[in-house]
Amino acid sequence: MELIVGPRTKITPFTDRAVAAGMTKAMVYNHTVLPISTDDPAAEYRALTEAAAIWDVGCERQVQIAGPDAHRLMTYLCARDLRDLRVGMARYAPMCDHQGRLVNDPMALRIDETTFWLSIADSDVLLWTRAVAGEGGYDVEVTEPDVWPLAIQGPRAEDVVAAALGDWVRDLRFFRFVHCVHPALGAPEGQQAAGIPMVVCRSGWSGQDGFELFLTDGAKGEQLWDLLWEAGQPFGLGVGAPNNPERIESFLLSFGGDTDADTDPDEAGIGRFVSLRDDDDGPAASASHDFIGKAALRARRASGSQRRLVGLVIDGDPPTPLRAPRSVQSPDGHPVGTLRALARSPRFDANIGLALLDPPWFEPSTDLQVSLDGANRVATTTSLPFNLDK
Ligand code: THG
């Protein structure tokens, strides 16, 4: 069977280059093709952790909020306080619904005084944002702009991006960004005009250093890819994709993978990115940062019934990939939660997973069991991020 792409399931400006570089497997994310692996995952992991990797993450769509009420709407949509987010800054900003359930866990970027991007995980934030803006009478325009992230991740990512764009990128701090236009000299006739425009941000979904280049003209995707590919060869740049073993090792949340439709940020292990703390400053501070789900999150924290996403270290041979969430059981065989992600970890030389568990089973060093490849295995809980280095 072959996946048919078109207006509904889109490709990105980088897809053809990613395929030409060796990508053979893909997923659909935000209604867009996300290349996910080559036929040599070990080489991908090595490039990412020892050199650099280039990822087509054009599926990380932007929801642009622009207008006089943009900052106020952003502050209300996001559970992390964005009142002090200045132009050129990005922040990881979980969004909840009115019951405190995660809606998405985007990166929020302030592009100019009255323009913001939500760089989204896999859910329809455009619809959610338009609904909230409409119901609340906010004076904003909510659109999906022609913006396509390309990630360069790994210990040599800085060298690669500096070789492509200039040494100034070395001074860019984590979660800071700048606009730039690469002059694109030497580009084919007709493709030089106005250069390659992009937003360069020090960020990315890996525990390695890295950059995301948000291309702001989708017609220039192959030019940008080629520029980086050539600049990266001396540093061992290889093609890759968001890397499941590495992101589990480093624990970066995969919304919709690690979470189900009812998971709140505390349960998902990202409670520290939710700003409930300013309640301590008294009613005035609290009132000025109202956000969707605030009261519900407070009630959930008080209830004692929250689940928790924890690490599992699982016995035995490297398992085959998980095709769906798998029940996790207590030693006497009662279901206590679900295994949601699984990988063989090169770094820890162990099978590691992420499981959403009921209280009190998420306590560290609890021996549980999970059936993989037809046999029960011992699965031991551990706090996140994993700390198994010997
Ligand atoms: N980049 C861009 N868009 C994205 C992602 C991305 N959209 C989807 C998805 N990833 C959103 N989820 C995350 C999750 C974690 C981080 C970024 C996006 C992240 N977290 C760091 C951490 O947890 O340590 C830093 C958080 C912080 O200090 O604010 O980087 O990757 N464009």
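Residues numbered from 1 in each chain as written. Predicted model: local features only at pLDDT ≥ 70, side-chain atom pairs only at ≥ 80, totals over all residues. Heavy atoms only, no water.

(A) Local environment of the side chain of D81. Following the sequence through the fold, D81 ends up in the loop between α3 (70–77) and β5 (90–92). We classify D81 as buried; its relative accessible area is 17%. Looking at D81, its side chain comes within polar contact range of the side chain of R83, at 2.7 Å. (Helix = DSSP H or I, 4+ residues; strand = E, 2+ residues; numbered from the N terminus. Buried < 20%, exposed > 50% of the residue type's maximum accessible area, 1.4 Å probe, protein only. Polar contact = N/O pair within 3.5 Å; in protein donor to acceptor, adjacent residues only side chain to side chain.)

(B) The arrangement of the site of the ligand in detail. Within the structure, the ligand sits among 17 residues, and E60, R80, D105, S119 and E212 are positioned closest to it. Backbone polar atom of D105 to a nitrogen atom of the ligand: 3.2 Å apart, as the coordinates give it. In the model, a nitrogen atom of the ligand is placed 2.6 Å from a nitrogen or oxygen of the E212 side chain. Of the residues assigned to the shell around the ligand, the class counts are 11 nonpolar, two polar and four charged. (Near = heavy atom within 4 Å. Nonpolar A, V, L, I, M, F, W, Y, C, P; charged D, E, K, R; others polar.)

(C) Spotlight on the pairing of strand β14 (residues 210–215). Burial analysis of β14 places six of its six residues in the buried class, which makes it a mostly covered element. Covered by surrounding structure in β14 are G210, E212 and F214 together with F211, L213 and L215, the residues of both alternating faces. Two elements, strand β11 (residues 148–153) and β14, share six bridges in a ladder whose sense is antiparallel. Among the inter-strand pairings, A151 is bridged to a residue of β14, identified as E212. Pairing analysis gives four bridges linking strand β13 (residues 196–201) to β14, with the strands arranged antiparallel. Bridged to V200 within β14 is L213. (Pairing = 2+ DSSP bridges.)

(D) Focus on the pattern of salt bridges. Taken as a whole and judged by the stated rule, the model has 25 salt bridges. Here D226 ties to R17 by a salt bridge, and the two come within 2.7 Å at their closest N and O atoms. Linking D226 in helix α6 (residues 221–232) with R17 in helix α1 (residues 15–20), this pair joins segments that are 209 residues apart in sequence. Two residues, R101 and D262, come together in a salt bridge whose shortest N-O distance is 3.9 Å. Taken together, the positions of R101 in the loop between β6 (95–96) and β7 (102–104) and D262 in the loop between α7 (244–250) and α8 (283–288) put the pair 161 residues apart, joining distant regions of the chain. For R101, a relative accessible area of 24% translates into the label partly exposed. Here the salt bridges do not stand alone but share partners, grouping R156, E158, D159, D167, R170, R202 and D209 into one network. (Salt bridge = Lys/Arg side-chain N within 4 Å of Asp/Glu carboxyl O.)

(E) Just the environment of S275, in detail. With respect to the helices, strands and loops of the structure, S275 is situated in the loop between α7 and α8. Distance in space between the C-alpha atoms of S275 and P68 is 24 Å, their sequence separation being 207 residues. When sequence neighbours within four positions are dropped, the list of residues in contact with S275 reads A79, R80, D81, H289 and F291. A polar atom in the side chain of S275 sits 2.7 Å from the backbone nitrogen of D81. (Contact = heavy atoms within 4.5 Å.)

(F) The environment of S254, seen in detail. Mapped onto the fold, S254 is located in the loop between α7 and α8. Distance from S254 to D105, taken between C-alpha atoms, is 8.8 Å for residues 149 residues apart in sequence. Those residues in contact with S254 that sit more than four places away from it in its chain are W205, R247 and T259.

(G) Region of interest: the packing of helix α5 (residues 157–165) against α6. At a closest axis distance of 8 Å, the pairing of α5 and α6 adopts a crossing angle of 120°. Classified by the angle their axes make, α5 and α6 are oblique. Classified by chirality, the crossing of α6 by α5 is right-handed. Of α6, the residues touching α5 (which contributes V160, V161, A163, A164 and L165) are L227, L228, A231 and G232. By residue class, the composition of the contact of α5 with α6 is eight nonpolar, one polar and no charged. (Axes fitted to C-alpha atoms, helices over the stretch in contact; angles between N-to-C directions. Parallel < 35°, antiparallel > 145°, perpendicular 65-115°, else oblique. Left-handed = near helix turned anticlockwise from the far one by under 90°.)

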